[in-house]
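Understanding the architecture of this molecule
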Amino acid sequence: MINQIKGLHHVTSMAASASTNNRFFTDTLGLRRVKKTVNFDAPDVYHLYYGDEIGTPGSVMTYFPFPHIARGRPGSGEVGTTVFSVPQGSLGYWTDRLTKAGADGLKADEAFGEKRLQFAGPDGDGFALVEVKDDDRAQWTGNGVGADEAIRGFHSASLRLRDDGANAELLKFMGYEQVDARDGVTRFGMPGGNGADFIDVETMPNIAGARLGAGSVHHLAFAVENREKQLEVRKALMDTGYQVTPVIDRDYFWAIYFRTPGGVLFEIATNEPGFDRDEDPAHLGEALKLPTQHEHMRSVLEGHLEPLA
């Protein structure tokens, strides 16, 4: 069994409009944009990162905004709902805030005994806020959300799968433990994790496969401390039969990728070097940062990319 993984690192999704995406995560959800860069493989497309003050692993939502991309089709083989942790007693505040912002799909419910508020992002993205007692992770309050309400980071993410058997075994191999099961959803938790500790597996045997598009999660990333731990995880996965990519330098972390039995793309990302490697922490996310191989395109890209607030 792998013991190097410490919970979620980031969640990367697709969007249609960079400016709309930016407004939603900064103005509406009150997160900090911690990096404004581009897609390594398509440098004419942004890669935007939002999180807490410094982009702590376990707090970072990232997006590829492809202009004119078609909306994704929900289905099996994808991440369903991305869930953020908020303080106890704050869901009333968030209901008012999201209502005033015109958010769709607002629905209050409970899951595994926790109060939750579901809502949709600008592209139909599936989100929820869940009240968590004593989540002492640092919060970002620079965008008008108070410390008693601000998002602390991820709580969980759900996987929509036709069959949970092989994926349950994978999660257990990755160090997760089954902690509960209710109403067709099995919850797995990471003991001693970073706070972004839960994966919920929704078994949906009769739904069609998902189609990737705006509002879809592209991949789910899990955190390891450093490159040494990452290589240990890579070897363990490959020894078990998974096809894992070589280590890829993503400037702010190193990454490896593999496809799960249910079709979801998983990444293992390092906590090092972090988002302050090329920007002062006081000014994270302000300047356009380009990977070295794309720096020669700066003038073209700055003229092409949609302006952000």
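First, a word on what this report is: a plain description of the structure on this page. It should be emphasised that the depicted structure is a prediction, and the values quoted were computed from it without experimental measurement.

Within the protein chain, the secondary structure is distributed over five helices and 16 strands. Along the first, second and third principal axes, the C-alpha atoms of the protein chain reach 50 × 45 × 40 Å. Per-residue burial over the protein chain gives 54% buried out of 309 residues. By sequence separation, contacts in the protein chain at least 24 residues apart represent 67% of the contacts at least 6 residues apart. Across the protein chain, the 31 positively charged side chains and the 44 negatively charged ones have centroids separated by 3 Å.

The strand order E2-E3-E4-E1-E13-E16-E15-E14 describes an open sheet built from eight strands, whose pairing is mixed. In this open sheet, the two strands that pair with only one neighbour each are strand E2 (32-38) and strand E14 (248-249). Taken together, the five bridges between strand E1 (residues 8-15) and strand E13 (residues 217-224) define a ladder with antiparallel strand orientation. Directly across from Ser13, in E13, lies its bridge partner Val217.

Approximately 320 Å³ is the volume found for the largest pocket. Mapped by element, the contributors of at least two residues to the lining of the largest pocket are strand E5 (78-87), strand E6 (107-111), strand E7 (114-120), strand E9 (153-161) and strand E12 (198-203). Counting residues per element, the lining of the largest pocket draws most heavily on E9, at four residues. Classifying every residue of the lining of the largest pocket by side-chain character gives six nonpolar, four polar and seven charged.

To continue, consider the pattern of salt bridges. Scanning all chains against the criterion turns up 11 salt bridges. Close ionic contact of Arg187 with Glu114 constitutes a salt bridge, the shortest N to O distance being 3.1 Å. One end of the pair, Arg187, is in strand E11 (residues 185-189); the other, Glu114, is in strand E7, and 73 residues separate them in sequence. On the accessibility criterion, Arg187 (6% relative accessible area) is buried.

Definitions and limits used
Residues numbered from 1 in each chain as written. Predicted model: local features only at pLDDT ≥ 70, side-chain atom pairs only at ≥ 80, totals over all residues. Heavy atoms only, no water. Helix = DSSP H or I, 4+ residues; strand = E, 2+ residues; numbered from the N terminus. Buried < 20%, exposed > 50% of the residue type's maximum accessible area, 1.4 Å probe, protein only. Contact = heavy atoms within 4.5 Å. Lys, Arg positive; Asp, Glu negative; His and termini not counted. Charge placed at Lys NZ, Arg CZ, Asp CG, Glu CD. Pairing = 2+ DSSP bridges. 1 Å grid on protein atoms, 1.4 Å probe; cavity = no way out; pocket = protein on both sides within 12 Å on 5 of 7 lines; lining within 4 Å. Points joined across faces, edges and corners; volume = space filled by probe spheres on them. Nonpolar A, V, L, I, M, F, W, Y, C, P; charged D, E, K, R; others polar. Salt bridge = Lys/Arg side-chain N within 4 Å of Asp/Glu carboxyl O.

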